[in-house]
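# Working through the structure, step by step
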4 protein chains.
Amino acid sequence: MRIVPATTPASSHILLIRCPDEPGLIYKISGVLFRHGLNILRNDEFVERADNHFFMRTELAGELAAEDLLQELRTTLPAADIRLSDNRPKNIVLLVTKEHHCLSELLVRHAFQELNARILAVVSNYEVLGDLTRQFGIPFHCVSHEGKTREAHEVEVQQIIGQYAPEFVVLAKYMRILSPEFVLPYANRLINIHHSFLPAFVGASPYAQAYERGVKIIGATAHFVNEQLDQGPIIAQSVIPVNHTHSAAEMAQAGRDVEKIVLARSLRLVFSERVFVHHNKTIIFE
Amino acid sequence: MRIVPATTPASSHILLIRCPDEPGLIYKISGVLFRHGLNILRNDEFVERADNHFFMRTELAGELAAEDLLQELRTTLPAADIRLSDNRPKNIVLLVTKEHHCLSELLVRHAFQELNARILAVVSNYEVLGDLTRQFGIPFHCVSHEGKTREAHEVEVQQIIGQYAPEFVVLAKYMRILSPEFVLPYANRLINIHHSFLPAFVGASPYAQAYERGVKIIGATAHFVNEQLDQGPIIAQSVIPVNHTHSAAEMAQAGRDVEKIVLARSLRLVFSERVFVHHNKTIIFE
Amino acid sequence: MRIVPATTPASSHILLIRCPDEPGLIYKISGVLFRHGLNILRNDEFVERADNHFFMRTELAGELAAEDLLQELRTTLPAADIRLSDNRPKNIVLLVTKEHHCLSELLVRHAFQELNARILAVVSNYEVLGDLTRQFGIPFHCVSHEGKTREAHEVEVQQIIGQYAPEFVVLAKYMRILSPEFVLPYANRLINIHHSFLPAFVGASPYAQAYERGVKIIGATAHFVNEQLDQGPIIAQSVIPVNHTHSAAEMAQAGRDVEKIVLARSLRLVFSERVFVHHNKTIIFE
Amino acid sequence: MRIVPATTPASSHILLIRCPDEPGLIYKISGVLFRHGLNILRNDEFVERADNHFFMRTELAGELAAEDLLQELRTTLPAADIRLSDNRPKNIVLLVTKEHHCLSELLVRHAFQELNARILAVVSNYEVLGDLTRQFGIPFHCVSHEGKTREAHEVEVQQIIGQYAPEFVVLAKYMRILSPEFVLPYANRLINIHHSFLPAFVGASPYAQAYERGVKIIGATAHFVNEQLDQGPIIAQSVIPVNHTHSAAEMAQAGRDVEKIVLARSLRLVFSERVFVHHNKTIIFE
């Protein structure tokens, strides 16, 4: 399914299980849920054959005894990684630079409760987007990188983010490369929108690269950030056709419409607990 | 998932279950499968909330005692509609008129075992596509409609099809309207490719209609045929952009690339047992 | 080309010519431009063969003697409809009801000068979107239709719009049907976003219709409004795949991302003088 | 425009002009055409601003004195590269290896005169596709590479191609890397379909690479071949969504539908004289 509800009904709980595959897994798990008298709204499973790993996402309706349920599941599946989410809005902080389109998209969706997230603050290395952010009643912090080492600047940004203790940090067109030290603490919680169809045009000014190469399609990629630049697990991608009449600037401009929709879509996937990260890939129950 | 393997491994069995939803269904079913020591390769479920109907498709590996399994499942779920498919290639007959593109596509895929079907014969109301069909070693029957009533012509066509006793009949650009009498015996076994993005441009010469309307996108729709023209359950659709420079003929020409791919895709979905028909819609586990 | 620069360089002039086709048209026109020493940045022509009508759009650089140029062109092509645009931002008024997504998209683009238009005011039959509009510093007028005849309500809306004397009126999800009396004065200046892939699902609640029909793709259509509901010249269309798991509400939600992008795109096409309306179609030089 | 007529009416001539941009070019050229009393069916121009180069494609109707026309144009534009095509079907030779899908697509289109080309022969390093080719009445040459140096093998292939003196050579899934010596003589006349969305996944087994990277979209690229592997001017690209459920083999299978359509589309563009190669890019008047 290509579409993600902006918000899953807050009432539902979401059970997330991952473990080595073995016969009878579904039987054992559904047995526990049945004995707890839980109504399954939706159930998705997948087995990664490459390493026989089992993934399951189950939407449960109504009241449940979370602790008892988790305990019984863990007793039944000692080897499994089990999580029960109440699917409440996630707390997030946004990092931006000068381009407004992704930030605008998220601020508007946030203002109309379409993001299943709470934007706690926006941090930027420029003042440019301060007014827009404050206009939506969100705290804006400008931390200029001017005359600072990368380390010094990252520490400052880190401290501000730290004050908000967000569950996720979103790079909504943050145009600085982050060091592994910055990235590490946010494993699988740091999401970036890259303005190209990865792995094409890794790194800086991908639209200039696309223009030089004379491609006929450009794209955008939302992915989790890991230590290697633009190498993290891909969440969502989308493309748009271009041709010889486009300058690099026109490609960039056109790409923005794709970037903001892809980023918003990937956030809805992640925030509605639909994304498992497995090795360097994502398993997504859309 | 948007992609359909051309052929599911012949070894696997596919279990198809539909019944009113109730708590514990998955538990009961997976219990039976577990006790039979069956290995689940893939499992898909869906509950249609509009009428609380449950649908499940399970790919099973290896040998199994079909009769015992079915009996135990039917005892466990008396209200369910249960089917076990050995997923062998389906026997089909194609109906065509003059356009070659859909027929060519299916003959080529058939020749290279990509269709999970056996084309038993091709029937047409013209001779035009006879050479192409015979070239691929498939029997071709021309039944002209000239000087015959619709009824008389359909009876002739029916008789030829009847000799082959196909599981499915595919209208691969068969440009005559079929009577309910013809359609009825093939409920959910008669598939048509309509050269428009239904429900836009129902009926004849949709490209002429699209041209007149000045649309910017045209499409194709593969669907099961029922008594009402172009009203049957939709299996797959796809589109392609057009603009003011296209004549109706150019739109038709461009549409052919979409038609043949959509038809081939819908056949692979149906022939790999991925499609449930429920009321006037399809539920598809891609 | 599928991409439209958000704003054409304000410096350039755009020459728009339409007339019955005849030999030597390009020669005659380019001759006038050459004698005026004008530099052609870009030139597009099209001849509609259905009625042999010629359309030409030329981007001219630098200073020019508008009156002289027009006079000479009109003398050279007495039968032609000739217009010279300085391509300044268009003055527009938006009509909305309760949904924010199209309005948000236009307000944000407007705030960052990406629309090649000045939003003079927003008029709605509800208060819902007042805060959002005022937040962007745009006047908001609420004209409730409660307890008024359609005529009476339209007259009120008309009067408010009239005060701003806009060049274009945009229906950014205005959910009331407009009478021919309202529409007529805005021939080719009134743009609507329809939440379906026209001509499929004309009229009310297209997503409910799409859900009932079980389509696999939904779309949006931006078009000029004429006297007949949803029958005006189409400017742009786009689509998104859906499937059996989507409720009508989820289809509507997904459709919003398509609607706002298609509307913004169609406005950029119209506001950059790329769209000719010819009979009930558009000729677009993208 | 995204659609290419399979064949341009054979009656029409196509004038192709490229030269450094200067004021009055269109005026001068249209003047010559006007004095020759030629009817312009369609005219496209483009100016590459990066190096101010002018490109023009003009479809002319009816009889014309080719030599006189060319002479006068060359006198008028001494610096221009001018070509006049009678748009007859191109003579081509196909190189293939073992996969049938691109070859099948071209053989079928050729059989129904949809390619604006004559397939003179098919050359392969395996026998696999011999029957299919001969079935369509096309000569098939198998030149095994077994126990030969790349050079020796290429010389053999070259000699066979040479006998047919084709205007274009098409690599329809020819899975061997060609040496610059082989490529050089066919500058801008050698077209390849690469089974990835270039520049992503250059080189061998791109689907395996795509699977490893966990991309959500795969694609295909048709391009002219130059000395550097997969670096030549891109003609057409297309994509298809994939997800975590796809094995590398399923991605490859799905990609084939994209590959064959993209290759056929690029050939129609090239064979209808719509493609200019400029530096390492294509300028395409669709």
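Source: prediction; values computed, not measured. (Residues numbered from 1 in each chain as written. Chains lettered and ligands numbered in written order. Predicted model: local features only at pLDDT ≥ 70, side-chain atom pairs only at ≥ 80, totals over all residues. Heavy atoms only, no water.)

## A closer look at the relation of the copies chain D and chain A
Overlay of chain D on chain A (RMSD 0.0 Å): rotation 180°, translation along the axis 0.0 Å. Such a combination of rotation and displacement between the chain copies is what one expects of a two-fold axis. Within chain D, the C-alpha atom positioned nearest to the axis of rotation is that of Ala200 of chain D, 2.2 Å from it. By residue overlap, the copies meet face to face through one surface: 100% of the interface positions of chain D are interface positions in chain A. (Least-squares fit on C-alpha atoms with pLDDT ≥ 70 in both. Contact = heavy atoms within 4.5 Å.)

## Some details on the pattern of salt bridges
Tallied over the full model, the rule gives 85 salt bridges over all chains. Close ionic contact of Glu105 of chain A with Lys260 of chain C constitutes a salt bridge, the shortest N to O distance being 2.4 Å. Taken together, the residues span two chains, with Glu105 of chain A in helix α3 (residues 101-111) and Lys260 of chain C in helix α8 (residues 248-271). Residue Lys260 of chain C is classed as buried on the basis of its relative accessible area of 7%. (Salt bridge = Lys/Arg side-chain N within 4 Å of Asp/Glu carboxyl O. Helix = DSSP H or I, 4+ residues; strand = E, 2+ residues; numbered from the N terminus. Buried < 20%, exposed > 50% of the residue type's maximum accessible area, 1.4 Å probe, protein only.)

## Some details on the interface of chain B and chain C
With 33 residues of chain B at the contact, the number on the chain C side is 33 residues. When chain B packs against chain C, close to 2800 Å² is buried across both sides, 60% of that on carbon and sulfur atoms. Its largest share of buried area at the contact with chain C, chain B owes to Arg213, Lys216 and His244 of chain B, together 27% of the area lost on that side. Between the two partners, chain B and chain C, sit zero salt bridges. Listed by contribution, the elements that provide at least two residues to the side of chain B that touches chain C are β2 (39-48), α7 (206-213), β11 (234-241) and β13 (281-284) of chain B. With six residues, the single largest contributor to the side of chain B that touches chain C is β11 of chain B. Across the side of chain B that touches chain C, the residue classes tally to 17 nonpolar, nine polar and seven charged. (Buried area = accessible area lost by both parts, 1.4 Å probe. Nonpolar A, V, L, I, M, F, W, Y, C, P; charged D, E, K, R; others polar.)

## Comments concerning the packing of aromatic side chains
Summed over all chains, the structure comprises 26 aromatic pairs over all chains. Pairing Phe55 of chain A with Phe276 of chain A gives two aromatic rings, centres 5.3 Å apart and planes at 65°, and the pair type is edge-to-face. Taken as a pair, Phe55 of chain A in strand β3 (residues 53-61) and Phe276 of chain A in strand β12 (residues 275-278) lie far apart in primary sequence, 221 residues in all. Both residues of the pair, Phe55 of chain A and Phe276 of chain A, belong to the buried class. With 5.3 Å between their ring centres and 55° between their planes, Phe168 of chain D and Phe271 of chain D make a pair best called tilted. With Phe168 of chain D in strand β8 (residues 168-171) and Phe271 of chain D in helix α8 (residues 248-271), the pair connects residues that are 103 residues apart, well separated along the chain. Judged by relative accessible area, Phe168 of chain D falls into the buried class, the value being 11%. Overall, Phe271 of chain D belongs to the buried group, its relative accessible area being 0%. Aromatic ring contacts, followed pair by pair, group Tyr27 and Phe34 of chain A together with Tyr27 and Phe34 of chain B into a single cluster. (Phe/Tyr/Trp six-rings, centres within 6.5 Å; stacked < 30°, edge-to-face > 60°.)

## A few points about helix α1 (residues 25-35) of chain D
Residue pairs spaced three or four apart in an α-helix point in one direction, given the helix's 3.6 residues per turn. Restricting attention to buried positions, one finds in α1 of chain D the residues Leu25, Ile26, Ile29, Ser30, Gly31, Val32 and Leu33 of chain D. If you follow the buried residues of α1 of chain D, they end up packed against α1 (25-35) and β2 (39-48) of chain C together with β1 (13-20), β2 (39-48), β3 (53-61) and α2 (66-76) of chain D.

## A look at the nonpolar core
Burial of nonpolar side chains together is a common tendency in soluble globular proteins. Counting residues in hydrophobic clusters, the biggest one holds 204 residues, and the most contacted among them are Leu106 of chain A, Leu106 of chain B, Leu106 of chain C together with Leu106 of chain D. Not counting residues within four places of it along the chain, the set of residues in contact with Leu106 of chain B comprises Leu94, Leu115, Ile119, Val170, Ala172, Leu263, Ala264 and Leu267 of chain B. The next biggest cluster of nonpolar side chains, apart from the first, holds 44 residues, and it includes Ala80 of chain C together with Val47, Met56 and Leu69 of chain D. (Core = buried A, V, L, I, M, F, W, Y, C linked by side-chain atoms within 4.5 Å.)

## Examining the domain arrangement of chain A
Residues and elements named next belong to chain A. Considered domain by domain, chain A is made up of domain 1 (13-85) and domain 2 (90-284). Once you take the C-alpha centre of each, domain 1 and domain 2 turn out to be 32 Å apart. Listed by partner, the interface residues are 15 residues for domain 1 and nine residues for domain 2. With both chains or domains summed, domain 1 and domain 2 bury close to 940 Å², and 52% of this area falls on carbon and sulfur atoms. Taken together, the links from domain 1 to domain 2 amount to one salt bridge. With a shortest N-O distance of 2.6 Å, Arg83 and Glu273 are connected by a salt bridge. For the pair domain 1 and domain 2, the number of links is eight residue pairs in polar contact (both at pLDDT 80 or more). Of all the secondary structure elements, the ones that give two or more residues to the side of domain 1 that touches domain 2 are β1 (13-20), β2 (39-48), β3 and β4 (81-85). If you tally residues by element for the side of domain 1 that touches domain 2, the top one is β3, at five residues. Considered class by class, the residues forming the side of domain 1 that touches domain 2 number six nonpolar, two polar and seven charged. (Domains from an automatic or database assignment. Polar contact = N/O pair within 3.5 Å; in protein donor to acceptor, adjacent residues only side chain to side chain.)

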